[in-house]
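Letter by letter, the chains look like this.
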Amino acid sequence: MQVWKFGGTSVGKPERMHSIRELLNNDPSRKIVVLSALSGSTNALIAIGEAAKAFDEAQASSLIEDLKTHYNLFIKELYATSEGLEKGQEIVDTEFGFIKSLVGIKPFTIKQEKELVAEGEILSTKMFQAYLEEKGENSVLLPALDFMRIDADGEPELATIEEKLVTILNQYTDRQTIITQGFICRNPREEVDNLKRGGSDYTASLIGGAIRADEIQIWTDIDGMHNNDPRIVKRTFPIRELTFEEAAELAYFGAKILHPSTITPAKLRGVPVRLKNTMQPDAPGTLIANQTSDRDIKAIAAKDNITAIYIHSTRMLNAYGFLRRVFEIFEKYKTPVDMITTSEVSVSVTIDNSENLDKITADLREFADLEEHDRDQNIICIVGNFSADKEGIALKVLDAMKNIPIRMISYGASEHNLSLLIHSKYKAEALNVLNERLFYYEDAMKDIFTAP
């Protein structure tokens, strides 16, 4: 069995849903298909929730009607028969009736907000299953709320998910295609919750790991993961192979095609992940697995909105326990650290969430001196196979960056990541010079020296 996930753009138009059915039928494997909400739906539902929280009933009602109109037009193109359209209309009317009832609850709490946002995935999967039924496909819809669970810290309970999912799947061994929702789940209070934004990728990986799938396929509108940001860099290319560790580094440091949490369950159970393009289904995409045979330097990514904090011990020499006290403060405010560089008496760290920066700073000043923070920074992350016996990798990177000021460097903590901290105004220049130096320079030199 395989797990296939389709994102919002892949299901955002009726013809895209038609194409998904064709993709499923062209592959003989049995599948669990994870769907996101229609593109734009989650943002629209969040806006409805914001209006409800502000007690703006007129705005909430207007936004609901606009969104329902979109779905009414959608189903007219999705279904080919009067029976199919009738079923689709019933789904839309029922779910939007529930949406209106949620918005009418006073006060509008986080519980109602999460139930409201979940409607995006519930609508897309019910509509798609009805479409498959119209076409006579051997499929079934399994609500993710029946098996997807998170704990009190918002982390998925993989053992519980596996137990519940396997029990349910045993009831449908005769079904070729099994549809379910991405993103949504239940929390320990049995309330509707979610895996945060981008969580449909995570759903697919959790399901794939739970059932020990042959492969997890993440279908988007991009031909796999690229070696650099194609919005900024002119010459990019799809990466054909990545290890789990390399893919995790790229996802965390800015590669938007993949949710950072996706890799963990798949890696834990050794399930390969393949990134595919719904617009070009025959393209090989990117395969993420335990081993690859590709080049040493694989890709470059950039993480925006970084703040650097520079901390100096007031005890100066032999400051044992200093790092422990520093990181206890970041743990206290649940603020992850991206980069770390240290000396005997100082430590520099970067964070991408400055919500609690003032509180963190105040606590740090109780035992340390702080320089002025560097805001509006970027982490440039070079990813590949940088094992200890590799020569010249750091030299290539630093030579490419010789005209760009570097504030911090992190190299050696991971065999797959070399990270540089720079001001955001140098981001585009850095990505382009690294791209040319690391991926095209050697080929150009070979052409020069082998030319007749």
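Residues numbered from 1 in each chain as written. Predicted model: local features only at pLDDT ≥ 70, side-chain atom pairs only at ≥ 80, totals over all residues. Heavy atoms only, no water.

Participant: Give a description of helix α5 (residues 110-134) that names residues and reports values.
Facilitator: For α5, with 25 residues, the first-to-last C-alpha span of 37 Å sits near the 36 Å given by 1.5 Å per residue. One or two positions beyond α5, positive phi appears at Gly 136, with a value near 75 degrees. (Helix = DSSP H or I, 4+ residues; strand = E, 2+ residues; numbered from the N terminus. Expected span 1.5 Å × (residues − 1).)

Participant: Tell me about empty space enclosed by the protein, and please be specific about residues and values.
Facilitator: Going through the model one piece at a time under the given rule, you end up with one cavity of 30 Å³ or more. Of the volumes computed, that of the largest cavity is approximately 30 Å³. Ala 51, Ala 52, Phe 55, Asp 56, Glu 57, Ala 60, Val 103 and Lys 106 are the residues that line the largest cavity. Residue assignment for the lining of the largest cavity shows that the elements contributing at least two residues are α2 (41-53) and α3 (57-78). Here the lining of the largest cavity is built from residues that sort into five nonpolar, no polar and three charged. (1 Å grid on protein atoms, 1.4 Å probe; cavity = no way out; pocket = protein on both sides within 12 Å on 5 of 7 lines; lining within 4 Å. Points joined across faces, edges and corners; volume = space filled by probe spheres on them. Nonpolar A, V, L, I, M, F, W, Y, C, P; charged D, E, K, R; others polar.)

Participant: Could you give me a rundown of the nonpolar core, with the residues and numbers involved?
Facilitator: Among the nonpolar cores identified, the biggest contains 60 residues, and Val 3, Leu 258 and Ile 288 are the most heavily contacted of them. For Leu 258, the residues in contact, after removing those within four places along its chain, are Asp 201, Met 225, Ala 247, Ala 251, Ile 263, Leu 275 and Ile 288. Formed by 38 residues, the second largest nonpolar core is a distinct cluster that contains Phe 6, Val 33, Leu 38 and Met 127. (Core = buried A, V, L, I, M, F, W, Y, C linked by side-chain atoms within 4.5 Å. Buried < 20%, exposed > 50% of the residue type's maximum accessible area, 1.4 Å probe, protein only. Contact = heavy atoms within 4.5 Å.)

Participant: Could you give an account of the pattern of salt bridges, with specific residues and numbers?
Facilitator: For the structure on display, the rule yields 30 salt bridges. One salt bridge in this structure joins Glu 113 and Lys 53, with 3.6 Å as the shortest N-O distance. Of this pair, Glu 113 sits in helix α5 while Lys 53 sits in helix α2; the two residues are 60 residues apart in sequence, bridging distant segments of the chain. With a closest N to O distance of 2.6 Å, Arg 235 and Glu 436 form a salt bridge. On the criterion of sequence distance, the pair formed by Arg 235 in the loop between β7 (215-220) and β8 (241-243) and Glu 436 in helix α13 (residues 427-450) is long-range, its members being 201 residues apart. (Salt bridge = Lys/Arg side-chain N within 4 Å of Asp/Glu carboxyl O.)

Participant: Describe in detail the UniProt feature "binding site: ATP" (unreviewed entry) in the protein chain, supporting the description with residues and values.
Facilitator: Per the UniProt record, the feature "binding site: ATP" (unreviewed entry) sits at Thr 220, Asp 221 and Arg 231. Here Thr 220 shows up in strand β7. Setting aside residues no more than four positions away along its own chain, Thr 220 makes contact with Ser 10, Ile 257, Lys 276, Asn 277 and Thr 278. Looking at the element boundaries, Asp 221 is found in the loop between β7 and β8. Looking at Asp 221, the relative accessible area reads 38%, which means it is partly exposed. Excluding residues that lie within four positions of it along the chain, Asp 221 makes contacts with Thr 9, Asn 277, Thr 278 and Met 279. (UniProt positions renumbered as here; feature names shortened; annotations may be inferred.)

Participant: So, the layout of surface pockets: which residues are in play, and what are the values?
Facilitator: Leftover empty space is mapped by rolling, across the atoms, a probe with the size of a water molecule. Empty space within the second largest pocket amounts to approximately 230 Å³. Taken together, 14 residues form the lining of the second largest pocket, with Asp 338, Ser 410, Ala 413, Ser 414 and Asn 417 sitting closest to its centre. Of all the secondary-structure elements, those providing two or more residues to the lining of the second largest pocket are β12 (340-342), β16 (408-411) and β17 (417-423). For the lining of the second largest pocket, the element with the highest residue contribution is β16, accounting for three residues. Of the residues contributing to the lining of the second largest pocket, the split by class is six nonpolar, six polar and two charged.

Participant: So, the pairing of strand β9 (residues 273-277): which residues are in play, and what are the values?
Facilitator: The element β9 is extensively covered by neighbouring structure, given that four of its five residues are classed as buried. The pairing of β7 with β9 spans five bridges and is parallel. Opposite Ile 218, over in β9, you have Leu 275 as the bridge partner. Direction of pairing for β9 relative to strand β10 (residues 286-289): antiparallel, over a ladder of three bridges. Of the residues in β10, the one forming a bridge with Arg 274 is Leu 287. (Pairing = 2+ DSSP bridges.)

Participant: Quick rundown of the pairing of strand β1 (residues 2-6)? Include the residues and the values.
Facilitator: Most of β1 sits inside the fold, with five of its five residues counted as buried. Residues Gln 2, Trp 4 and Phe 6 of β1 are buried on one face, and the alternating residues Val 3 and Lys 5, pointing to the opposite face, are buried as well. Pairing analysis gives five bridges linking β1 to β7, with the strands arranged parallel. Counted as the bridge partner of Val 3 is Ile 216 from β7.

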